Amino acid sequence: MNAADLPQDQAPVAFTLNGQPVEAAPGESILKVAQRVGVAIPHLCHTDGLRSPGNCRACVVEVAGERVLAPSCCRAPQPGMAVTTDSPRASAAQKTVLELLLSDAPDTQALKHDSELAHWAQVAGAAPGRFPARAPVLPDTSHPAMAVNLDACIQCTRCIRACRETQGNDVLGLAFRGGHAQIVFDQNDPMGASTCVACGECVQACPTGAIAPANGAYAHASQQQVDSVCPFCGVGCQLTYHVSDGKIAHVEGAGGPANEERLCVKGRFGFDYAHSPERLTKPLVRRVDAPKDPTNVMHRHWSELFREATWDEALDAAVAGFQRAMASTSERGRLGPVAGFGSAKGTNEEAYLFQKLIRTAFGTHNVDHCTRLCHASSVAALMEGLGSAVVTNPLRDVQYADFVLIIGANPAQNHPVGATWIKNAVKRGTRLVMADPRRTELARHAWKHLGFQPGTDVALLNALLHTIIFEGLANTAYIEQHTLDFAQLKAHVADFSPEAMAPVCGIDAATLREVARAYATAGNSMILWGMGVSQHTHGTDNARCLIALSLITGQIGRPGTGLHPLRGQNNVQGASDAGLIPMVLPDYQRVSEPAVRAQAEQLWGVPPGTLGSEPGLTVVEIVNAAFDGQIRAILVQGENPAMSDPDATHAREALARLQHLVVQDIFLTETASLADVVLPATAWPEKTGSVTNTDRCVQLGRKAVAAPGEARADAWITEQLARRLGLAWAYGVAPDGTASAQASEGIGAVFEEMRALMPSISGLSWARLQREGAVTYPVNNEADPGQPVVFTDHFPTPTGKARLVPAALTPPAETPDADYPLVLITGRQLEHWHTGSMTRRSQVLDAVEPGPVVSLHPDTAARNGLAAGDNALVQSRRGSVVLAVRLDQGMPRDTVFIPFAYAEAAANLLTNPALDPVGKIAELKYCAVNVCAASA
């Protein structure tokens, strides 16, 4: 940094460093200035991204006229100061500190090949042996992900600061006193028995390997490093794969816009799934003597159901089945015989090609993906109200918010790195309100926890709207300039006073009014929500209320404000953008619009009229149509509806009834076990392509390792199917998942065609994406840096104004009764993701959470004769599961919680397939169940 680089309102600080004149920015440390001008100073407690406490004293320097040496990492220079980093006094002190540390950690390179202590000892000429060593400490190997070797610990406290200040987990601390001081987990518990969530931030921060991956990966330098993006949730963390001998040895966080080097347990320790011995490596065709059995879809060896085939044979068999289904009926469009389930776990290019294949090869819009099961109602409400379904502000905008409302979401479990930014904001003074029937991890950081009755979201939110409107807290100027239909909304919520809604939602009126006032009067207020809002028959109404809260207060269109439905899977935003939805083409352009269809038909080279005007069936509708025999063939790419669909028994029966089912996947999933043809695909680290996170940030995932056996890239598979179905596709996608730098071939050509249909990314070329790695849309041209905050002055509607839509109070489709007196809530958990097909094949993740549990409040468990660890039978009107009891004080007494990642106790065997009439999303977050002790 030179003086010219400084902000104009800040004058540089001039001083001398080793006799040379230098300049520092106000507040910049001596160490940072020295690093900038190329002067090496030993340092250990300091690392970029963490506060510098100056406690290791390895970085001391001499300041002219001062009696004691100064720690350069936390000392800012003053005008005219003379600093010497290598004077005899400073050098001797640095060397002595390093030799003292070496006496306790004589061979840190055995744990970490690039030990910072070993490096600086060599630079300073320090050697072990000058001081006696203390008694050795036994290693702590109690955790499956990380090993602790306190012999190598130099008590720099970087791990503590990383845990407390970066991740906000408060697990690590410094205990005891003097020479007995040591790093501890909680109350000096073994790491594996502590509350550690295995984010590994301490591992990345540790300079010596005292905390390191349990597999010993830090002992040797990796052979290759590849920058990419995490595939496990919508946050979109950038990471670096460290590859040796063709396998991912370990992973480190990279400086991406969403994570700034942070990761969670899945992103840091969950990639060994790609090397699982259960990977599919050859195409499979169903054996004639293996009938489909929807009652037995558990993990089985492929040879029990299938025989191996060549790629040509398998592709021909796949296409022949679709052609037979097409020939069996003259119907097309909404009730056509073929449908496709695409994936939000793949790339944008894969999603784009998949929807294009279904639409052009089969003449139908029967194509959907998991957004139908997570945020379809949010999308419907946002499109209706704002004219766009995108998040208005990035998640990290919480740092600019004075007030944050999180409703129906559990970021600490489902978006862990996103949760760290929320915890950081709270520490800086942001007021956090958690609205959720359960008291989840973030509640301890919250100003208020609104533990409302399940299914009463609209009552609670309308009470907030009532308070804001009738206490005169609405932003009338913003309403007049930017919204429509305020009078109707006001009239509607007149009857929803907090006093009237308190008995309904279970939150007292005074608290409702206090929260409403705080939201409306804060300088910047932001709303985040998850599937606890959207997965209801009234999910669209829930989202309508949240949109209205933002609009009537003008809390939108600025940093730290707006609406952010947290996307669950890594590319649910990108897959939706790319048109993997039955009622829209890429960029949410409705299939009912003739000009939109004509543009796509021309670009895709198909005859006019190929694309129908009627929207296709959604996920649950497709399954129902398959059950009834109207849908005869389905192509599934990387999805697992036999686990993810509500009323899974019905879904499995429907899939088994199909004339033809083709599945592209990396494992023999529950869905694949019902297939006629299974095509082995590449895992995320085995291919290159773009992905779009919950912030609308398009990022580039890069291939790091080769796929096993004959597994092929999904985009290649799609192109081969298209060619055999008579489409003149000529992208030349590489079968091994590589991507050329050229935009004229392969994945680059797919990306360029995709953006030709998508105004939101028209300024983002394939070349620019490779060059920059991450760009947030809308991006209108090559010079546009991207627009993280949207709707700053108008909305993309015909009038430029947003619509305020009232929401009625409607009960869930199924309510508790004497036979089924409890409410079931389903969701994800930290260590496992989606249906568990990937994470349960990760040794570390499955070791941390090896089996299914049902969470109950202790009083509920006792009332039903259950104790922690007992096996419980959970029954609904659709099915039953048996699983172990976990006691949780944060659970309401009339609810139970089951994660849906476990095939042996699939939560969706219980759930209700009733649909939201607008979003067509199932009520996965609410159904009536009974819980009792399972018979022996």
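I will try to describe carefully the structure that is included in this document. This one's a predicted model, so the numbers in the text were calculated from it and none came from an experiment.

### Digging into the overall build of the protein
In terms of regular secondary structure, the protein is built from 28 helices and 37 strands. By the compact-globule yardstick of 30 Å for 936 residues, the protein fits well, its C-alpha radius of gyration being 29 Å. Along the first, second and third principal axes, the C-alpha atoms of the protein reach 90 × 70 × 65 Å. Each of the 936 residues in the protein was classed as buried or not, and the buried ones make up 63%. Residue pairs at least 24 apart in sequence account for 71% of intrachain contacts in the protein once pairs closer than 6 positions are excluded. Split by element, the accessible area of the protein, about 32,600 Å² in all, is 51% carbon and sulfur.

### Remarks on the sheet that holds strand S28 (residues 689–692)
Sheet strands pair via backbone hydrogen bonds, and the direction of the pair is either parallel or antiparallel. Spatially, three strands are ordered S28-S29-S30 in an open sheet, and the strand pairing comes out antiparallel. Two strands close off the open sheet at either side, each with one partner strand: S28 and strand S30 (774–776). Here the average twist between neighbouring strands, direction ignored, is 25 degrees. With four bridges connecting them, S28 and strand S29 (residues 697–701) associate as antiparallel partners. Residue pairing for S29: Gly-689 is matched across the bridge by Gly-701.

### Considerations on unusual backbone geometry
A cis geometry characterises the amide bond from Tyr-777 onward to Pro-778, with omega recorded as 5 degrees. Not every positive phi belongs to a glycine, and Asp-186 is a case in point at roughly 50 degrees. Position of Asp-186 among the secondary structure elements: in the loop between strand S8 (182–185) and helix H5 (201–205). On the basis of relative accessible area, Asp-186 is assigned to the partly exposed category, the value being 22%.

### Examining the state of the cysteines
Counting across every chain of the model gives zero disulfides. Of all cysteine sulfurs, the one in Cys-56 lies closest to Cys-45, which takes part in no disulfide; the gap is 3.8 Å. Relative accessible area serves as the criterion here: at 1%, Cys-45 is assigned to the buried category. Cysteine Cys-505 is unpaired, with the sulfur of Cys-545 as its nearest cysteine sulfur at 12 Å.

### A short note on the pattern of salt bridges
Within the structure shown, the criterion is met by 44 salt bridges. A salt bridge links Arg-877 to Asp-817; the shortest N-O distance between them is 2.3 Å. Of this pair, Arg-877 sits in the loop between strand S34 (871–875) and strand S35 (880–887) while Asp-817 sits in the loop between strand S31 (802–803) and strand S32 (822–827), and the two are 60 residues apart along the sequence. One salt bridge connects Asp-859 with Arg-893, and the closest N-O pair in it is separated by 2.8 Å. Taken as a pair, Asp-859 in helix H28 (residues 858–863) and Arg-893 in the loop between S35 and strand S36 (895–899) lie far apart in primary sequence, 34 residues in all. Given the relative accessible area of 38%, Asp-859 is considered partly exposed. Under the relative-accessibility criterion, Arg-893 is labelled partly exposed at 47%. One salt-bridge network, in which partners are shared between bridges, spans Glu-471, Glu-499, Arg-513 and Arg-517.

### Looking at the pairing of strand S18 (residues 431–435)
Extensive coverage of S18 is indicated by the burial of four of its five residues. Bridging between strand S17 (residues 403–407) and S18 involves five bridges; their strand directions are parallel. Residue pairing across strands places Leu-405 opposite Val-433, the latter belonging to S18. Looking at chain direction, S18 and strand S19 (residues 448–450) are connected through three bridges and run parallel.

Scoring rules and cut-offs
Residues numbered from 1 in each chain as written. Predicted model: local features only at pLDDT ≥ 70, side-chain atom pairs only at ≥ 80, totals over all residues. Heavy atoms only, no water. Helix = DSSP H or I, 4+ residues; strand = E, 2+ residues; numbered from the N terminus. Rg over C-alpha atoms; globule rule 2.2 N^0.38 Å. Buried < 20%, exposed > 50% of the residue type's maximum accessible area, 1.4 Å probe, protein only. Contact = heavy atoms within 4.5 Å. Areas by Shrake-Rupley, 256 points an atom, 1.4 Å probe, with all protein chains shown as cover. Pairing = 2+ DSSP bridges. Axes fitted to C-alpha atoms, helices over the stretch in contact; angles between N-to-C directions. Disulfide = S-S within 2.5 Å. Salt bridge = Lys/Arg side-chain N within 4 Å of Asp/Glu carboxyl O.

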